[in-house]
2 protein chains.
Amino acid sequence: MINPNLLINRDDLDFLLEDVVGSASLLERERYADHSRETFTAAIDTAYKLATQFFAPHNRKSDENEPTFDGEKVTTLPEIKEAVKAFAQAGFLSATHDYDLGGMQLPITISQACLALFRAANVGTSAYCFLTAANANLIRAFGSEDQKRRFLPALLEGRWLGTMALTEPNAGSSVPDLRTTATPLPDGRYAIKGQKIFISGGDHDLGENIVHLVLARLPDAPPGAKGLSLFIVPKYRVDDEGRAGERNDVALAGLIHKMGYRGTTSTMLSFGENDACIGECIGEPGQGLRYMFHMMNEARIGVGMGGTMLGYTGYRHALAYAQERVQGRLPGRNDPATPPVAIIEHADVRRMLLTQKAYVEGALSLCLYAARLADDEKTHPDAQERETAALVLAVLIPIVKSWPARYCLAANDLAIQVHGGYGYTREYPVEQFYRDNRLNPLHEGTHGIQSLDLLNRKAGMKDGRALELLHQRVRDTVEQARATQDTNLTERADTLDAAWQQLRETTTVLLQASADDIMEGSANSAYYLDLFGHHVLAWLWLQQAVAAQKLLPQKPHLADFYQGKLAACDWFFHTELALMEPVHALLRNTKSHALNTPATWL
Amino acid sequence: MINPNLLINRDDLDFLLEDVVGSASLLERERYADHSRETFTAAIDTAYKLATQFFAPHNRKSDENEPTFDGEKVTTLPEIKEAVKAFAQAGFLSATHDYDLGGMQLPITISQACLALFRAANVGTSAYCFLTAANANLIRAFGSEDQKRRFLPALLEGRWLGTMALTEPNAGSSVPDLRTTATPLPDGRYAIKGQKIFISGGDHDLGENIVHLVLARLPDAPPGAKGLSLFIVPKYRVDDEGRAGERNDVALAGLIHKMGYRGTTSTMLSFGENDACIGECIGEPGQGLRYMFHMMNEARIGVGMGGTMLGYTGYRHALAYAQERVQGRLPGRNDPATPPVAIIEHADVRRMLLTQKAYVEGALSLCLYAARLADDEKTHPDAQERETAALVLAVLIPIVKSWPARYCLAANDLAIQVHGGYGYTREYPVEQFYRDNRLNPLHEGTHGIQSLDLLNRKAGMKDGRALELLHQRVRDTVEQARATQDTNLTERADTLDAAWQQLRETTTVLLQASADDIMEGSANSAYYLDLFGHHVLAWLWLQQAVAAQKLLPQKPHLADFYQGKLAACDWFFHTELALMEPVHALLRNTKSHALNTPATWL
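Every value quoted in this text rests on a predicted model; they were computed, and no experiment measured them.

Draft legend 1. Structural context of the pairing of strand β4 (residues 181–184) of chain A. All names here are of chain A. Both β4 and strand β5 (residues 190–200) contribute to a ladder of 4 bridges, which runs antiparallel. Opposite T181, over in β5, you have K193 as the bridge partner. Counting the residues that bridge the hairpin from β4 to β5 gives 5 residues, and of these G188 lies at a positive phi of roughly 95°.

If you want it as structure tokens, here you go:
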């Protein structure tokens, strides 16, 4: 079973927030004037307490007792409802909202740190909370005053829950091909008709109503993305006073059973089977996808954080196991009469642990850095800094979505391996983390889709200025590392500087190749995403190392922790970054395309 | 659900057997004089038919309906019993045994090809068959005439099933630390007492008896491996006539629930709780581990083949899905008014398929090559060739066990990714393949254990002569490739030649480092295993390419198939082998050890 003491290393979270992304500097902003280090800490403490108390205990039980559907009603574990209620009551559904909307007015950085703990404790249950929060955020951003008045209070109190209903059986990665229709009714509302699939939280018994945000197409809409509008479609119709009443024509066509994430219902929904499904349009027709994309950065930071935290808690469990489990003897000291050693003494176990540490702590710094950029984009007092943050974040977003999904899943794989045969059993939580995490490379834009976004849109964004701004931040870290005059850090700085120069050159080659022939140029984009991601992570590891080096003499009680940061940075450079070297040649060599292999040869 | 038409590409199996490992040449041997190409083919056809008819149909059902234990009795799906019965009746339990023992006297190569099909269809159910066959093989090899007479007929008819009972709660990777005791009784038999864990097939309702082969320790035995003896411990005691009678004191302490492989019971067994567990010794006391190791090569080829076939059928399913599933448009041709394309047209999907092909078809050639070596070791008319085969196989065995376990699991991961969100659902079989395959890097020697075997025992075996003999075979392929005078193959040959030279140099460095300090020298052994494995696979891909190149003009109806082989070979060299380049430096650099990171820093 999951051990709630192993969700995260709190020293690490504090270090990353305070000493790496500098959360205290957010306090200087007017919006956070009423906050303090203490209120930030209190929010995280509360999240930790709730995650431990209400989320972690049923993580395995949820996996083993999936929601059921008897044809009439979906039944979920009672623990899920309690957890969602506790989450809502503590105010986390509106953690970043304004005080006057009942929110905590927390920075995104702190809010994401809080949410990370729920993700580590129970991704399945926390998904209901996050979907509801995202739904409410969207209504808040684009809904009419009337819609906000009628829908937001119940959503933010957790009495109603929310979904995002985009995907259809024939429109998954290609959302713009969706076919659900919205036909205007005389009263200004719309008749919704169509099928949706993979709708998380699409039905359950956790609240009094479910508010679907549905992408659909008006009768005269053009094909593709520009023809999509966004509709509020509640399960129970909502009157002028914001009260849920009679049933809307939204039917559960079935539950989808998954490898992991089993606590979250995944549904096939049928809208308007009896031509009685009524929705109301949010904002302007034709802007539906744009509205959805408005929330995309935060959604993708959320996915990145989800993958990260599954990897993170897996690492903590593997570390604890390796310290306790005794097995075998060291090479060259094989006398069977001597006692066996804790497996953490075995070099290969140590390697697997250090690799996990490099992945998961690196990924956490990436997600928090991205959250900080999202804060700067919204609340930095300087307009130019806001634009810079937006552009740097735009480049990083495909990495944030994809790198943790891939490498923290790899960490989960290693956590199983550290546990040996026990790791394959359902008595230990690591196999569930691995199954749960396998969703992350698939949803919210697959790995391949993200790689095309990075190469074909972000790398050349604003004539390359976005990438240049990111590179400038890398150079800043390089300078900070050199300024320490520490031999190791200076060496890492030189390596990083040269590596980024090489990344820029490879990018130039690829962008030129894409300009000549976009199929050819972007055929190996998945490798580019991995390469780019490792360059970002190496940079962020050097950031961590610089901070750790500085604090090492100041806080001797954390010496092991800081030494661990320096060691993980070294490891990432010596191993992970070094192993990426041949990817440059692979990307620059146009002969190395799977594209050149006709489909009939496979 | 698994599609029984997608277990394997039969053209590929025929090509590998006939044109790559040269199975027909086995017919020249006296032992196989009564066989012919037709009997080989008939055996494979029968296996295919039974796998399709009796194994594939309940693969998912077995996963969803695990065996249950009510405290008295284990209940399994009736389909499992039928499948085991069909397998036994067709003679596959004794496929390689002598005619006069009721066997088919098939070469190991052909037998492994047959068994591969059962593995692809249903690893869970086939495990009962393979364990029984291995158990019978061991009794046949080391049992007394009396034991063979009493146990073999029922085992080979599938009326009784067998297990291998090595692992204990505190002796997993470190088998020699096991504590189960065997105390001599006046009648020459032994009282067995102890706990075993992770015993596959340790209890069930599939036959009339279960024959455990138990490693245990005599009272005066020395500590470690030399103190282990092997015992036959049946669930129901077996009389002089080979009849099962009263219950032996072997109790099921519980079933272990796993991530995958759910159709196979994994058990905790209690021997002698009431001091009434009677076993009989096989062969000489103190030789238990040696007897087990005698079967080890075939067991490890079996694990390699298991990983391979899960990857292989996953690839075939992904390929079929990619041909059918329509989604999105090609980059640069994004007009939403145009029809979407089959996803196999997307470059990244093509890349994922080609990578899977390179992994799984490469792994299959590796396992069949190893099986052929096992045949040569046993039946080659020339004594020196037998020794050569034994040494080459010894070096390859850790690769055979580990490479498919790792890379065909990676293929399963890609098969899920090709399916998109659907791949994560239990409606499609790829997620089960992924879960089932995750066992393979753990059992029969973990990845780390295998890497230590490769580096510390095999690489320097017989003063490096074993490795040199393998390298000689690589050079033979290099020469064959050059002799084609084909530009591409000559280029590949040069690359392979140089790569192997480099591998030898890295090996020399590591062996010297290990001689100086075995902890230091072998600390990165897991990377060495991956590096070595990729060098072996590159060699075997060139072998396949040479054969395909030769056949291409001769068999035009298979032109696409042969072109696919050439393309996969190119891909493996350009991508997989090329990406291994920095591992040499990593291995030679003693600074890059996780070992240098104290446990307290993690």
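Draft legend 2. Main features of the environment of C114(B). Turning to its location among the elements, C114(B) is positioned in helix α5 (residues 108–121). Sequence separation between C114(B) and G464(B) is 350 residues; the distance between their C-alpha atoms is 34 Å.

Draft legend 3. Expanded view of the pattern of salt bridges. All names here are of chain B. Inspection of every chain in the model, using the stated rule, returns 88 salt bridges over all chains. For D497, the salt bridge identified is with R482, shortest N-O distance 3.2 Å. Linking D497 in helix α15 (residues 487–516) with R482 in helix α14 (residues 465–483), this pair joins segments that are 15 residues apart in sequence. Taking the relative accessible area as the measure of exposure, R482 reaches 27% and is therefore partly exposed.

Draft legend 4. Highlighting the pairing of strand β9 (residues 244–247) of chain B. Residue and element names in this part refer to chain B. Sheet topology places strand β8 (residues 236–238) next to β9; 2 bridges connect them, and they run antiparallel. The residue of β9 that forms the bridge with Y236 is R247. Counting the residues in the hairpin turn of β8 and β9 gives 5 residues, including G242, whose phi is positive at 75°.

Draft legend 5. Representation of the nonpolar core within the structure. Judged by nonpolar contacts, the single largest core of 370 residues is most densely connected at F532(A) and F532(B). If we ignore the near neighbours within four places in the chain, the residues touching F532(B) are V395(B), I399(B), L454(B), L467(B), L470(B), W500(B) and L503(B).

Draft legend 6. Just the interface of chain B and chain A, in detail. At the junction of the two partners, chain B supplies 95 residues and chain A supplies 95 residues. Per-residue buried area on chain B facing chain A is highest for Y424(B), W601(B) and L602(B); these three make up 11% of the total on that side. A salt bridge links D413(A) to R438(B), with the shortest nitrogen-to-oxygen separation between them at 2.7 Å. Where chain B touches chain A, the interface holds 39 residue pairs in polar contact (both at pLDDT 80 or more). Ranked by the residues each element gives to the side of chain B that touches chain A, the list is headed by helix α18 (residues 559–579) of chain B, at 9 residues.

Draft legend 7. Spatial organisation of the packing of aromatic side chains. Applying the stated criterion across every chain, the model contains 45 aromatic pairs over all chains. Aromatic pair Y359(B) and W403(B): ring centres 5.9 Å apart, planes at 80°, arrangement edge-to-face. Here the residue Y359(B) occupies a position in helix α10 (residues 347–379), and W403(B) occupies one in helix α11 (residues 383–419), the gap between them amounting to 44 residues. Using a relative accessible area of 2% as the deciding quantity, one classes W403(B) as buried. A connected cluster of aromatic rings, assembled from ring pairs, spans F55(A), F87(A), F92(A), F118(A) and F130(A). Geometry around Y236(A) places R247(A) over its ring, the cationic atom sitting 5.6 Å from the centre.

Draft legend 8. Layout of the relation of the copies chain B and chain A. The transformation that overlays chain B on chain A combines an axial shift of 0.0 Å with a rotation of 180°, and the residual RMSD is 0.0 Å. Both chain copies can therefore be described as sitting about a two-fold axis. Taken as a fraction of all interface residues of chain B, those also at the interface in chain A reach 100%, which identifies the copy contact as same-surface.

Draft legend 9. Examining helix α4 (residues 78–89) of chain A more closely. Residue and element names in this part refer to chain A. Between its first and last C-alpha atoms α4 spans 17 Å; for 12 residues at 1.5 Å apiece the expected length is 16 Å, and the two agree. Those residues of α4 not exposed but buried are I80, A83, V84, A86, F87 and A88. Structurally, α4 contributes buried residues whose contacts are with α2 (37–55), α3 (59–64), α5 (108–121), α6 (123–142), α7 (145–156) and β3 (160–165). Phi turns positive one or two residues past the end of α4, at G91, with a value near 90°.

Draft legend 10. Broad picture of the side chain of S451(A). All names here are of chain A. On the secondary structure map, S451 appears in helix α13 (residues 447–458). According to the relative accessible area criterion, S451 is buried, its value standing at 0%. Excluding anything up to four places from it in sequence, S451 contacts S525, A526 and L529.

Scoring rules and cut-offs
- Note on numbering: residues in each chain are counted from 1, in written sequence order.
- Naming scheme: in the order in which they are written, chains are lettered from A and ligands are numbered from 1.
- Confidence filtering applies because this is a predicted model: local features only for residues at pLDDT of at least 70, side-chain atom pairs given and counted only at 80 or more, and all residues used for totals across whole chains, interfaces and linings.
- Excluding hydrogens and water, the side-chain figures rest on all heavy atoms present in the structure.
- We call two strands paired when DSSP finds no fewer than two bridges between them.
- Each helix is a run of DSSP H or I of at least 4 residues and each strand a run of E of at least 2, with the numbering of both proceeding from the N terminus.
- Any Lys or Arg side-chain nitrogen found within 4 Å of a carboxyl oxygen on Asp or Glu counts as a salt bridge.
- Burial classes follow relative accessibility: with a 1.4 Å probe on protein chains only, a residue under 20% of its type's maximum area counts as buried, one over 50% as exposed, and anything between as partly exposed.
- In this description, a nonpolar core means a group of buried Ala, Val, Leu, Ile, Met, Phe, Trp, Tyr and Cys residues linked to one another through side-chain atoms lying within 4.5 Å.
- Contact definition: two residues touch when any of their heavy atoms are within 4.5 Å.
- Buried area is understood as the total, over both parts, of accessible area removed when two parts are fitted together, assessed with a 1.4 Å probe.
- Polar contact is defined as a pair of N or O atoms within 3.5 Å, subject to the rule that within protein one atom must be able to donate a hydrogen and the other to accept it, and that residues adjacent in sequence are counted only when both atoms are side-chain atoms.
- Side-chain rings of Phe, Tyr and Trp, where Trp is taken by its six-membered ring, are said to pair if the distance between their centres is within 6.5 Å; with planes under 30 degrees apart they count as stacked, over 60 as edge-to-face, and otherwise as tilted.
- Whether a charge lies above a ring is judged from NZ of Lys or CZ of Arg, which has to be within 6 Å of the ring centre and within 35 degrees of the ring normal.
- The copies were overlaid by least squares, fitting only the C-alpha atoms of residues that reach a pLDDT of 70 or more in each copy.
- To estimate how far a helix should extend, the number of its residues minus one is multiplied by 1.5 Å.

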